[in-house]
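# Tertiary structure, described
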Amino acid sequence: QVHVVESGGGLVQAGGSLRLSCAASGSIFSINVMGWYRQAPGKQRELVADITSGGSTNYADSVKGRFTISRDNAKNTVYLQMNSLKPEDTAVYYCNVRSPGIFNSWGQGTQVTVSS
């Protein structure tokens, strides 16, 4: 069983920055992909960014150039640095860690609110 805990959300003004962290623990041999998703009220959950164990990254078009995902494999931790935040970035942000065919675990979510 893999336990995932996010931290770092909060309230920030437009143009500001936040850094999210996510730590995975439990029966982990290796984590293939670590990622961040978000869900705004009335909308479906969407991918924000993810990163493989080898460091390959993938970003949603809406956050390219503003958000940066990184990970520390030794600590089973993934980070999301969010700069130039916009009101439309307001959502609950969820961390996901997975190794296909082995486990696919989600955190409880952390609220990010960007005021205009």
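Residues numbered from 1 in each chain as written. Predicted model: local features only at pLDDT ≥ 70, side-chain atom pairs only at ≥ 80, totals over all residues. Heavy atoms only, no water.

## Some remarks on the sheet that holds strand 3 (residues 18-26)
Spatially, four strands are ordered 1-3-8-7 in an open sheet, and the strand pairing comes out antiparallel. In the strand order of this sheet, the two ends are held by strand 1 (2-7) and strand 7 (67-72), each with one partner. Adjacent strand axes in the sheet meet at a mean angle of 15 degrees when their direction is disregarded. Sheet topology places strand 3 next to strand 8 (residues 77-82); six bridges connect them, and they run antiparallel. Among the inter-strand pairings, R19 is bridged to a residue of strand 8, identified as Q81. (Pairing = 2+ DSSP bridges. Helix = DSSP H or I, 4+ residues; strand = E, 2+ residues; numbered from the N terminus. Axes fitted to C-alpha atoms, helices over the stretch in contact; angles between N-to-C directions.)

## What about the side chain of D89?
Tracing the backbone through its elements, the reader meets D89 in the loop between strand 8 and strand 9 (91-99). Judged by its relative accessible area of 1%, D89 is buried. Engagement of the side chain of D89 in a polar contact is seen with the backbone nitrogen of K86, the distance being 2.8 Å. In contact with D89, not counting residues within four places along its chain, are R38, R66, F67, S84, V112 and V114. (Buried < 20%, exposed > 50% of the residue type's maximum accessible area, 1.4 Å probe, protein only. Polar contact = N/O pair within 3.5 Å; in protein donor to acceptor, adjacent residues only side chain to side chain. Contact = heavy atoms within 4.5 Å.)

## Overview of the packing of aromatic side chains
For the coordinates displayed, the defined rule picks out one aromatic pair. Summarising the aromatic geometry, the rings of Y37 and W106 are spaced 5.0 Å apart at their centres and angled 65 degrees between planes, so their arrangement reads as edge-to-face. Here Y37 is found in strand 4 (residues 33-39), whereas its partner W106 is found in strand 10 (residues 103-106), with 69 residues between them in sequence. Residue Y37 is classed as buried on the basis of its relative accessible area, which comes to 16%. With relative accessibility at 36%, the residue W106 sits in the partly exposed group. One cation-aromatic arrangement involves R19 over Y79; the distance from NZ or CZ to the ring centre is 4.1 Å. Of note, R45 hangs over the ring of Y94, and the distance from its end group to the ring centre comes to 3.7 Å. (Phe/Tyr/Trp six-rings, centres within 6.5 Å; stacked < 30°, edge-to-face > 60°. Lys NZ or Arg CZ within 6 Å of the ring centre and 35° of its normal.)

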